[in-house]
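The chain contents come next:
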Amino acid sequence: MKFKLFTIAICVFFSPQSGAQVSTNIPRLVKNGKHVQLLVHNKPFLILGGELGNSSASGNEYMRPIWPKLKQMNLNTVLAPVYWELLEPVEGKFDFSSLDTLIKNARLNKMKIVLLWFGAWKNSMSCYAPAWIKTNTTKYPRILDKNGTPHEILTPFNKNNLEADVKVFTRLMQYIKQVDNRQNTVITIQVENEIGMLPDARTYDEAANSAFNKPIPEKLLTFLKTNKNHLLPEIKSIWEANGSKTSGNWEEVFGKGLATDEIFMAWYYASFTNELAVAGKAVYPLPMYVNAALNRPGAKPGQYPSAGPLPHVMDIWKAAAPSIDMLAPDFYNPDFKHWCDLYTRASDPLFIPEIRFEKGVDAKAFFAFGNYNCLAFSPFSIESTDHPEAEPIGKVYDILKQLSPLITKYQPIGNVKGFLMEKDSIQKDIPVGDYLITVHHEYKMGWSPGAKDSIWPLAGGVIIAVAPDEFYVAGNGLVITFTPKANGKKAGFISIDEGKFQNEKWIPGRRMNGDQNHQGRHVRIPANEYSIQRVKTYTY
Ligand code: DGJ
């Protein structure tokens, strides 16, 4: 996963694999300081997204009433599948009509698209493979479980499976390039969907058994040796526990057991996916990622969809799939922070293609962009709401849209922080500008009618320091106090203004003083409100 250094130069580069000229103005990932940013039309872009339910994008009429909902929720990007079975219903005959309509409607609605390739695998299974693949199991074989029973999952150990998927994926990328190279409506590609091995930790088809007993690939050994001191703890500990061997088959190097079976599968799933990314990028190099179904704690490999780009096998994915730019978690598990920390611990960018569309998702969006510099946030089945105008996520997206230029400007220099507050949680002494701030849940003040409830709504927010003593605070349900970093001093507020950005210009509304800032003691955004406040401080 290598990212180009930040540049807004407009130029053209030559893609050696395809011989095609490709404009570097197409959406791309760049490194700006320590952070990775997604550039769209040469500007950093935060994906304020929503993913459609799996079948919605297959029906143009079905989609008609959905577009206005997406607009009402202030999405700037829709994550939508493109289905192999509809794209290539007959081998070698391609039908791009649904994709055309999707792109056309996204443009009409001023939205971007992250296209999800439902190809060889969708949530482990191969249900989106066209009939000509499904019915020819001799040519396109399946995985076999321990008992030799086949499942509707194409094996990654077969050349025909790979070639068929690469062929259609390449055709898809050619098509996107042809219709979208200038307008850049499609900004990122998800390759497959929640790849994962079931019901055992590995497949027992003949090709897989043979690969399992062969020496592990040189490429993986080189990766282990080269990155010996930076391996993530899960792979490092398994490798070291078996003597850090630099030759041998899978069980000799990693030991016998389910963990090794999963590592083995991860390598082959990742290698397969990498082939798609290599072929697709040779035509049209959009950013590409693979998403993961997070494993239930305590479940063993094979009991959960194993070997996808999960935290414990991330290193294997990175080694086998260097053309995949990001490994992305789908959030249906509790403990949002825990999983975000795992995905970002090696300084990888956070991209959230799916998160359960439920209460609290609004606060998590603030936290993800503020705390993890995340590139994309996207509740799943976004069209399922009957009241898009009232959805909290829409209010958050309205705010984040206004703040995007500031967030992306100040993130690379570490001037953006994010909060996620549950009942009784406090975030203490967070450095911003010349101050340390402490953040409480707003109910902590005890004034709010909900403060006596046993369950408090999640609260979230961001703060951006635009000067040592000037800040924008946005969120819901927060109380923030400031302490100067300089010893022995106290902080006061010169002014706090609630307002909004219009065309990147700050328009102040209410001057927040008196009861609204507890007579000058703190910055406050009530739990049921979403707002931006510009804060100027002084010390005494
Ligand atoms: C995660 C998958 O990636 C989605 O396509 C969808 O099946 C959801 N799960 C359903 O909860």
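Quick caveat: nothing in here was measured; it's all calculated off a predicted structure.

Caption draft 1: Spotlight on the overall build of the protein. From N to C terminus, the protein includes 15 helices and 26 strands. Principal axes of the C-alpha set define a box for the protein whose edges measure 75 × 55 × 50 Å. Looking at the protein as a whole, 58% of its 540 residues are labelled buried. The contacts in the protein between residues at least 6 apart in sequence include a share of 73% that link residues at least 24 apart. With the model as given, the accessible surface of the protein reaches about 22200 Å², and the carbon-plus-sulfur share is 51%.

Caption draft 2: The arrangement of the site of the ligand in detail. As a structural note, the neighbourhood of the ligand is formed by Asn54, Lys122, Asn123, Asn193, Glu194, Asp330, Tyr332, Glu354 and Phe380. For the ligand, an oxygen atom lies 3.1 Å from a polar atom in the side chain of Lys122. The separation between an oxygen atom of the ligand and a polar side-chain atom of Glu354 is 2.6 Å. For the ligand, whose unbound accessible area comes to 300 Å², protein coverage reaches 76%. When its residues are assigned to classes, the shell around the ligand shows two nonpolar, three polar and four charged.

Caption draft 3: The sheet that holds strand S8 (residues 77–83), seen in detail. The strand order S15-S14-S13-S12-S9-S8-S7-S16 describes an open sheet built from eight strands, whose pairing is parallel. Strands with a single pairing partner mark the edges of an open sheet, and in this sheet they are strand S15 (354–355) and strand S16 (376–377). As defined by bridge partners, strand S14 (residues 326–331) adjoins S15 across two bridges and the pair is classed as parallel. Counterpart to Asp330 in the pairing with S15 is Glu354. In this fold helix H4 (residues 97–108) packs onto S8, strand S9 (112–122) and strand S12 (186–193), with an angle of close to 155° to the strand it touches most, S9.

Caption draft 4: Focus on the sheet that holds strand S21 (residues 470–476). If you walk across this open sheet you meet the six strands as S17-S20-S21-S26-S23-S24, and the pairing is antiparallel. Here the strands that pair on one side only, and so sit at the sheet edges, are strand S17 (416–421) and strand S24 (505–511). Across the sheet, the axes of successive neighbouring strands diverge by a mean angle of 30°, strand direction being ignored. Of the strands in this sheet, S17, strand S20 (459–467), S21, strand S23 (491–502) and strand S26 (531–539) touch helix H15 (residues 392–410), which is tilted by about 50° from S20.

Caption draft 5: A look at the packing of H4 against helix H6 (residues 159–180). Between H4 and H6, whose axes approach to 12 Å, the crossing angle comes to 40°. When the axis of H4 is compared with that of H6, the two are oblique. When the axes of H4 and H6 are compared, the crossing they make is right-handed. Between H4, through Leu99, Asp100, Ile103 and Arg107, and H6, the contact on the second element is made entirely by Leu172, Tyr175, Ile176, Val179 and Asp180. Considered class by class, the residues forming the contact of H4 with H6 number six nonpolar, no polar and three charged.

Caption draft 6: The arrangement of the pattern of salt bridges in detail. Per the stated rule, a full pass over the model turns up 15 salt bridges. The residue Lys318 makes a salt bridge to Asp348 at a minimum N-O spacing of 2.6 Å. Of the two residues, Lys318 sits in helix H12 (residues 314–320) while Asp348 sits in the loop between helix H13 (336–344) and S15, which places them 30 residues apart along the sequence. Side by side, Lys318 and Asp348 carry an identical accessibility label, which is buried. The partner of Glu358 in a salt bridge is Lys364, and the shortest N-O contact between them spans 3.9 Å. Overall, the relative accessible area of 38% leaves Glu358 in the partly exposed class.

Caption draft 7: Expanded view of empty space enclosed by the protein. Under the criterion given, the structure shown has three cavities of 30 Å³ or more. What lines the largest cavity is simply Val36, Gln37, Leu38, Pro44, Phe45, Leu46, Asn373, Leu375, Thr408 and Gln411. The leading source of residues in the lining of the largest cavity is strand S5 (residues 35–40), at three residues. Looking at the lining of the largest cavity, its residues break down into six nonpolar, four polar and no charged.

Caption draft 8: Here's a closer look at the pairing of strand S4 (residues 28–32). Most of S4 sits inside the fold, with four of its five residues counted as buried. Hairpin connection from S4 to S5: two residues lie between these consecutive antiparallel strands, with Gly33 at a positive phi of about 65°.

Caption draft 9: Molecular detail of a nonpolar patch on the surface. Taken together, the side chains of Ile494, Tyr538 and Tyr540 make up a nonpolar region of the molecular surface, amounting to roughly 330 Å² of accessible area. Among the structural elements, Tyr540 can be located in the segment after S26.

Caption draft 10: Here's a closer look at the environment of Pro322. With respect to the helices and strands, Pro322 occurs in the loop between H12 and S14. Here the alpha-carbon distance between Pro322 and Thr155, two residues 167 residues apart in the chain, equals 21 Å.

Caption draft 11: How the structure looks around helix H8 (residues 218–226). Every buried residue of H8 is listed here: Leu220, Leu221, Phe223 and Leu224. End-on view of H8: buried residues confined to an arc of 160°, all on one side of the axis. Within H8, the exposed residues directed more than 90 degrees away from the buried face are Glu218 and Thr226. Along its buried surface, H8 packs onto helix H9 (233–241), helix H10 (250–254), helix H11 (258–283) and H12.

Caption draft 12: Local environment of the side chain of Asn161. Tracing the backbone through its elements, the reader meets Asn161 in helix H6. For Asn161, a relative accessible area of 2% corresponds to the buried category. Looking at Asn161, its side chain comes within polar contact range of the main-chain oxygen of Thr155, at 2.9 Å. Discounting chain neighbours no more than four positions away, the residues touching Asn161 are Lys139, Tyr140, Pro141, Leu154, Thr155 and Phe272.

Caption draft 13: Examining unusual backbone geometry more closely. The omega angle of the peptide bond from Leu198 to Pro199 is -5°, so this bond is cis rather than trans. With respect to the element layout, Pro199 can be found in the loop between S12 and helix H7 (206–213). Of note, Asn503 is a non-glycine position whose phi angle comes to about 50°, a positive value. Examined against the element boundaries, Asn503 turns out to sit in the loop between S23 and S24.

Caption draft 14: Representation of the packing of aromatic side chains in the model. Across all of its chains, the model carries 33 aromatic pairs by this definition. Measuring from centroid to centroid gives 6.1 Å for Trp117 and Phe169, while their planes differ by 50°, and the two rings are tilted. On the criterion of sequence distance, the pair formed by Trp117 in strand S9 and Phe169 in helix H6 is long-range, its members being 52 residues apart. This pair shows no difference in class: Trp117 is buried, exactly as Phe169 is. Between the aromatic rings of Phe157 and Phe264, the centroid separation amounts to 5.3 Å while the plane-to-plane angle is 25°, which identifies the pairing as stacked. Linking Phe157 in the loop between strand S11 (150–154) and H6 with Phe264 in helix H11, this pair joins segments that are 107 residues apart in sequence. In this structure, Phe157 and Phe264 share a single accessibility class: buried. Aromatic ring contacts, followed pair by pair, group Phe157, Phe212, Trp250, Phe254, Phe264 and Tyr268 into a single cluster. The cationic tip of Arg202 hangs over the ring face of Tyr204; the distance from NZ or CZ to the ring centre is 4.2 Å. Cation over ring: Arg202 sits above Phe212, and NZ or CZ is 4.0 Å from the ring centre.

Thresholds, definitions, all that
Counting restarts for each chain: residues are numbered from 1 in the order of the written sequence. In keeping with the model being predicted, local features are shown solely for residues with a pLDDT of at least 70 and side-chain atom pairs are shown and tallied solely at 80 or more, while totals for entire chains, interfaces and linings include all residues. As a convention, hydrogens and water are excluded, and side-chain values are obtained from all of the structure's heavy atoms. Numbering goes from the N terminus for both helices and strands, where a helix is a DSSP run of H or I of at least four residues and a strand is a run of E of at least two. Relative accessible area decides the class of each residue, using a 1.4 Å probe on protein chains only: under 20% of the type maximum gives buried, over 50% gives exposed, and in between gives partly exposed. Whether two residues touch is decided by their heavy atoms; if any such pair falls within 4.5 Å, the residues are in contact. To measure how exposed things are, a 1.4 Å probe is used in the Shrake-Rupley method; for residues, cover is taken only from the protein chains shown. Residues are classed as near a molecule or strand on a simple rule: at least one heavy atom within 4 Å of it. Under the rule applied, a polar contact is a pair of N or O atoms within 3.5 Å (in protein, one hydrogen donor and one hydrogen acceptor; residues adjacent in sequence only if both atoms are side-chain atoms). Under the scheme applied, nonpolar residues are Ala, Val, Leu, Ile, Met, Phe, Trp, Tyr, Cys and Pro; charged residues are Asp, Glu, Lys and Arg; polar residues are all the others, including Gly. In short, DSSP must find at least two bridges between two strands for them to pair. Structural elements are reduced to axes, namely lines fitted to C-alpha atoms, with helices fitted over the stretch in contact, and the angle between N-to-C directions of any two is expressed from 0 to 180 degrees. Oblique is the label for every angle not falling under 35 degrees (roughly parallel), over 145 degrees (roughly antiparallel), or within 65 to 115 degrees (roughly perpendicular). Note on convention: near helix rotated counterclockwise from far helix by under a right angle means a left-handed crossing. Clockwise means right-handed. Salt bridges, as used here, are contacts in which a Lys or Arg side-chain nitrogen is within 4 Å of a carboxyl oxygen on Asp or Glu. Points on a 1 Å grid, built from protein atoms alone, make a cavity when a 1.4 Å probe fits but cannot get out and make a pocket when they are open with protein on both sides within 12 Å along at least 5 of 7 lines; residues with an atom within 4 Å of a point are the lining residues. Grid points are joined across faces, edges and corners, and a volume is the space filled by probe spheres set on the points. Here the term patch refers to residues with relative accessible area over 30% and no salt bridge, with like charges joined within 9 Å and nonpolar side chains (Val, Leu, Ile, Met, Phe, Trp, Tyr) within 5 Å. The directions from the helix axis to the C-beta atoms are what the arc is built from. Ring pairs are drawn from Phe, Tyr and Trp, using the six-membered ring of Trp, whenever the two centres fall within 6.5 Å, and their geometry is named by plane angle: stacked under 30 degrees, edge-to-face over 60, tilted for the rest. By definition, being over a ring means that NZ of Lys or CZ of Arg is both within 6 Å of the ring centre and within 35 degrees of the ring normal.

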